[in-house]
Amino acid sequence: AAGLCPCRAVLARRGGALRALCGSRRGLAAGPETHFGFQTVTEAERREKIYQVFESVAKKYDVMNDSMTLGIHRVWKDILVHKMNPSPGTLLLDVAGGTGDIAFRFINYVRSVRERQLQRKLRHHQNLSWQEIAESYQEDKSKSLGDSQVVVCDINKEMLKVGKQKAQHLGYSEGLSWVLGNAEELPFDDDKFDVYTIAFGIRNVTRIDLALDEAYRVLKPGGRFLCLEFSHVSNPLLSRLYDLYSFQVIPVLGEVIAGDWKSYQYLVESIRRFPPQEELKAMIEDAGFFKVDYQNLNSGIVAIHSGFKL
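Keep in mind it's a predicted model, so treat the numbers as computed, not measured.

Concerning the overall build of the chain
Broken down by element type, the chain carries twelve helices and nine strands. Taken over 310 residues, the chain has a buried fraction of 49%. Pairs at least 24 apart in sequence give 76% of the contacts found in the chain among residues at least 6 apart.

So, in C-alpha cells, the structure goes:
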C-alpha cells in the first residue's frame, strides 16, 4: 500500500489539473465569473479589486487585525506555528504573508528550539572549560536558525513593503527573504519546501484550486500544507452574534481606523462566501494531499487545515 501512495498522489494531481481546466472544482464558480464579496464579477475584475483592497489597507493592516479580533489573531497564529512544530533546518514558504506575522513567529520558534538544543548539549559536556563552553556557545549562537529559512511570498507590493519595514524594525534578517508572487502561479521550483503556510490569504485567492495545486507542486514529498483561515461557526447563537459584530462593527472600525469602509465590508462578505470546513477539506484532498484534517478554533470562527504531500 505504501508503494502505491506516490502513484495515487500523481493521479490526484493529474485529476486536479484536468478539473481545473474544465472549471468543475467544488466551491468555485463555473466559467470566468466569480464573486467579490457579495458581488458577481469576472475573475480579472476580482483580482484587481482584491489587489486594491490590500494596497489600501496595508499600512493599517496590523492595527485593524488587533481591533477586529480583539488581538486574538495573535493567538491563532501562535497555534498555527506550534502545530507546524518546525525543527532547525526547515524550509518554509509562507504565502500571502506580506506583513511577516507567520515568518517572525517561525524564526522565534526555531531559535527557541536551537537554544534548548544548545543548552542540552552543554549540560552533557560537564568537563569542558569555561573558554570551551563560551566558544561553543558563540559558534552555535551564530547559527541560531540551524539552516532554517522562511520565504515570504505575496502578490501585493504594499504588503511586502510593510513586512520588510517591520522586519527591519524588529531586527529580523537571518534566514528571511521576500518574494513578489502569485499563489496561483508560484515562482518556485517543484519539490522545494518542507512546509507551506497560508494564513488569512486563501480566502482572497481567485482560483483556490490553482493555489492548492501550486502548494502541492512546490512541497517536497513528505512536506506539509497548513492553512489558517476564517471559517464557519458551528454554534447557532455564537453565529448570530458573530454576524451582528461582523456586519455592524467591523466596517465601522475600518472607516474609523483606516478610513476605508468598503475594504472591510468586502473582507466580512468574503468570509461568508468562503467554503465551509468540510468543503475546503475536500478541495485540499482533490489537490492530492493526504491525511487532511482541520481544527476549529473558537467554535469555527477560524480553522486550521492540514495535509501532507506523500
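Structural notes on unusual backbone geometry
Positive phi values are uncommon outside glycine, yet Leu70 reaches one of about 60°. Position of Leu70 relative to the elements: it lies in the loop between helix 3 (61-69) and helix 4 (72-84). At Lys291, a position not held by glycine, the phi torsion is positive, near 50°. Along the polypeptide, Lys291 turns up in strand 8 (residues 290-297).

A closer look at the environment of Asp94
Structurally, the position occupied by Asp94 is in strand 3 (residues 91-95). In the structure, Asp94 is positioned 60 residues away from Asp154 in sequence and 8.5 Å away in space, judged by C-alpha atoms. Excluding residues within four positions of it along the chain, Asp94 makes contact with Ile102, Ala103, Val150, Val151, Val152, Cys153, Thr197 and Ile198.

Digging into the side chain of Lys77
The residue Lys77 is located in helix 4 in this model. Residue Lys77 is classed as buried on the basis of its relative accessible area of 4%. Not counting the four nearest positions on each side in its chain, Lys77 is found in contact with Asn65, Asp101, Ile102, Arg105, Phe200 and Leu228.

What to know about the environment of Glu184
Mapped onto the elements, Glu184 comes out in the loop between strand 5 (176-180) and strand 6 (193-199). A residue is classified by how much of its surface remains accessible, and Glu184, at 12% relative accessible area, is buried. Residues Glu184 and Glu214 lie 30 residues apart in sequence; the distance between their C-alpha atoms is 6.4 Å. Excluding its chain neighbours within four sequence positions, the residues that come into contact with Glu184 are Arg47, Val205, Thr206, Arg207, Leu210, Ala211 and Glu214. At a separation of 3.2 Å, a polar atom in the side chain of Glu184 contacts the main-chain amide nitrogen of Thr206.

Notes on the pattern of salt bridges
Evaluation of the coordinates by the stated rule reveals twelve salt bridges. The salt bridge involving Asp66 is made with Arg74; its shortest N-O contact spans 2.8 Å. Look at Asp66 and you get partly exposed, because its relative accessible area is 24%. Ionic pairing is found between Asp191 and Lys309, a salt bridge with its closest N-O pair at 2.6 Å. Taken together, the residues span a long stretch of sequence, with Asp191 in the loop between strand 5 and strand 6 and Lys309 in the segment after strand 9 (302-308) at a distance of 118 residues. Since its relative accessible area comes to 40%, Asp191 is described here as partly exposed. Residues joined by salt bridges that share partners form a network here, namely Asp62, Lys77, Asp101 and Lys166.

What to know about the packing of aromatic side chains
A complete count under the given rule lists eight aromatic pairs for this structure. When the centroid spacing of 6.2 Å and the interplanar angle of 50° are considered together, the rings of Trp76 and Phe200 count as tilted. Pair noted here: Trp76 is in helix 4 and Phe200 is in the loop between strand 6 and helix 8 (208-218), with a separation of 124 residues, a long-range link. With a centroid separation of 5.3 Å and an interplanar angle of 35°, the aromatic rings of Phe225 and Phe289 are classed as tilted. Of this pair, Phe225 sits in strand 7 (residues 219-230) while Phe289 is found in the loop between helix 12 (277-286) and strand 8, placing the two residues 64 residues apart along the sequence. Phe289 shares its class with Phe225; the two are buried. Members of the aromatic cluster, each reached through a chain of ring pairs, are Tyr196, Tyr216, Phe225 and Phe289. Over the ring of Phe193 we find Lys192, and its NZ or CZ is 5.9 Å from the ring centre.

So, how was this worked out
- Residues numbered from 1 in each chain as written.
- Predicted model: local features only at pLDDT ≥ 70, side-chain atom pairs only at ≥ 80, totals over all residues.
- Heavy atoms only, no water.
- Helix = DSSP H or I, 4+ residues; strand = E, 2+ residues; numbered from the N terminus.
- Buried < 20%, exposed > 50% of the residue type's maximum accessible area, 1.4 Å probe, protein only.
- Contact = heavy atoms within 4.5 Å.
- Polar contact = N/O pair within 3.5 Å; in protein donor to acceptor, adjacent residues only side chain to side chain.
- Salt bridge = Lys/Arg side-chain N within 4 Å of Asp/Glu carboxyl O.
- Phe/Tyr/Trp six-rings, centres within 6.5 Å; stacked < 30°, edge-to-face > 60°.
- Lys NZ or Arg CZ within 6 Å of the ring centre and 35° of its normal.

Such coordinate-based values are descriptive only and should not be taken to indicate function.
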